[in-house]
Amino acid sequence: MTRQRHYHPLAALRFLRKAVVVCLLPLANALLEFSLNALLTALRQDAALLLFLCGASSILLEASSWALDEAGVLRLRWAFISKQERIIRGEALAALTIERPLFFRLLGASRVVLYPVGQPAKRAVTLYLHKEDAQELADRLMPVRDPVCHRPAGGERAALVVLGANGLSTLALTYLAIRQSRPFPLTAEAVALSRLNILVRFAAHWLPAGAAWMLVLAGLLFGISLARSLAQTVHYTVWHTADQLGSRGGWLSRFEFRVRSSEISYADVRVSPIARLMKRWPVFVVAGSCRPELPLFVYRSGQEELFRELLPEFRMPPDTRHDLTHRSAVFFAPTGIPFGLCLLLVLVSRSVLPALTGTLLIPTAVFAVFLAGGLMGWLKEGIWLREGRFTLRRQKGVYLHCICVLHPDVCLRTLQSPWAARYQRMTLTLALPGQVRLKVRSIPVRDAAPCLNALEQKT
């Protein structure tokens, strides 16, 4: 008989995290009355509510269970007021991830996320299990047989660290810091001396004090992003079998990623300014609604052996351009408008408030970088049919995504505005399993016709 197993106690935190908002209601009432007696009453009510929620979480945790039978069928059961049960078969999974952050490792827990075939991200199943149970579950649902492993080293690992760092969030927080900056009562020299950093001294010498702290924050955030990416690449290993791809690694936080090769929706080579300088290209794979944030691997220009070994069916988009005549300016609108406003403020500040000119130049430069990304999309975005596969280039932020669709189940949707219909242009959207959408904007109708005809022939 299949043994029923319980979840890790950390599973109760999911319920507590959503229900703990109720504890804020008594405190809101005490804040309105603004008295000591109201505060003490609110604290007693919060203590009672917290005890009730802890008891309810314990009952929920005790009444819920999971079981895995000999045929590899996972049965999940939740019970509190009503009973719910869900059955998942191993062959019905597109991908599986195991995450063990530092806090989870201290408590002997793992977070397992199961991505069923064709289901959106909100239908993914998250389980909090004991470490041994999580590993057994992964090995039973998606067993790894005779893997061929590859461990990056040297420059390849350095490229994985740099290209895996999330620099876009750093730029966004930098812009937020600019918007919220206020002049400091300290001089620029005092700000520089309070931060023992070369970047700070440079900023303090050339910029107002109100912007120096912002550059320090930007450098700190980028350093944290690099450190996090470095920790993820410790013991990093990429492996493949006859029917699976995967990776594992991490130092403080461990992770493992398994994806079924037949369920890979597309592979994505991301071209960024840093990747161009390093001549190394990160490759991401998407299976269903699973989108890992770390590249599966990084390959060097001219050395595609690993690429051909892991993804033999991948085809890069051709190095050609669609006709740019009457192409839409939609590529420039998201960043062109704020760039123009910032540039106008810079020009005005030179005569009205010169002290702010240096600070305003920073968001202007940030938007100029994104505007250059829009120009790259305007020049190169498009879709082509290569050896029976859809290949496309699409621009997003400063990245140019070179994508090859590997999954056979593809739907195409066309959109034409009156202006686009006049100049025989359209926006083409590819719909893939897991509610994944890939949009290619403002391409000529004659260039999109081969893709539409190929899809009609398949159906």
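Residues numbered from 1 in each chain as written. Predicted model: local features only at pLDDT ≥ 70, side-chain atom pairs only at ≥ 80, totals over all residues. Heavy atoms only, no water.

Asker: What is the right way to look at the UniProt feature "transmembrane region" (unreviewed entry) in the protein chain in this model?
Answerer: Mapped onto the present numbering, the UniProt feature "transmembrane region" (unreviewed entry) falls at residues 20-43, 49-68, 158-178, 198-222, 329-348 and 360-379. End-to-end, the C-alpha atoms of residues 49-68 are 36 Å apart, and along that stretch the chain is 75% helix and 20% strand. Each end of residues 329-348 is marked by a C-alpha atom, and these two atoms are 27 Å apart; helix forms 80% of the span and strand 0%. (UniProt positions renumbered as here; feature names shortened; annotations may be inferred. Helix = DSSP H or I, 4+ residues; strand = E, 2+ residues; numbered from the N terminus.)

Asker: Just checking my understanding: could you explain the packing of helix α13 (residues 333-352) against helix α14 (residues 357-380) for this structure?
Answerer: The packing of two helices is summarised by the inter-axis angle and the distance between the axes. Contact geometry of α13 with α14 gives a least axis separation of 9 Å together with a crossing angle of 155°. As judged from the angle between their axes, α13 and α14 are roughly antiparallel. For the pair α13 and α14, the crossing hand works out as left-handed. Across from T335, G336, P338, F339, C342, L343, L345, V346, S349 and R350 in α13, the residues of α14 making contact are T357, L360, L361, P363, T364, F367, A368, F370 and L371. (Axes fitted to C-alpha atoms, helices over the stretch in contact; angles between N-to-C directions. Parallel < 35°, antiparallel > 145°, perpendicular 65-115°, else oblique. Left-handed = near helix turned anticlockwise from the far one by under 90°. Contact = heavy atoms within 4.5 Å.)

Asker: When you look at the nonpolar core in this model, what are you seeing that I'm missing?
Answerer: It is characteristic of soluble globular proteins that their nonpolar side chains tend to be buried jointly. The biggest cluster of nonpolar side chains holds 35 residues, and the ones touching the most others in it are V269, F297, F307 and L311. Listing elements by their share of this core, those giving two or more residues are β5 (109-116), α6 (155-164), β10 (254-260), β11 (264-271), β12 (280-287), β13 (297-300), α12 (305-310) and β16 (399-405). With near-sequence residues (within four places) excluded, V269 lies in contact with W281, P282, V283, Y299, F307, F314, M316, L400, H401 and C402. If you look at the next biggest cluster of nonpolar residues, it comprises 25 residues, including W66, V112, A134 and M142. (Core = buried A, V, L, I, M, F, W, Y, C linked by side-chain atoms within 4.5 Å. Buried < 20%, exposed > 50% of the residue type's maximum accessible area, 1.4 Å probe, protein only.)

Asker: In this structure, what is going on with the packing of aromatic side chains? I would like to understand it.
Answerer: What characterises a pair of aromatic rings is the spacing of the ring centres plus the angle enclosed by the ring planes. Evaluation of the coordinates by the stated rule reveals 8 aromatic pairs. Centre to centre, the rings of F103 and F104 are 6.5 Å apart; their planes meet at 80°, and the pair counts as edge-to-face. Among the residues examined, F104 registers a relative accessible area of 9% and is labelled buried. Ring centres of Y236 and F255 lie 6.1 Å apart, and the angle between their planes is 35°; on these two criteria the pair is classed as tilted. Here F255 lies in strand β10 and Y236 lies in the loop between α10 (209-233) and β8 (237-240), a separation of 19 residues in the sequence. (Phe/Tyr/Trp six-rings, centres within 6.5 Å; stacked < 30°, edge-to-face > 60°.)

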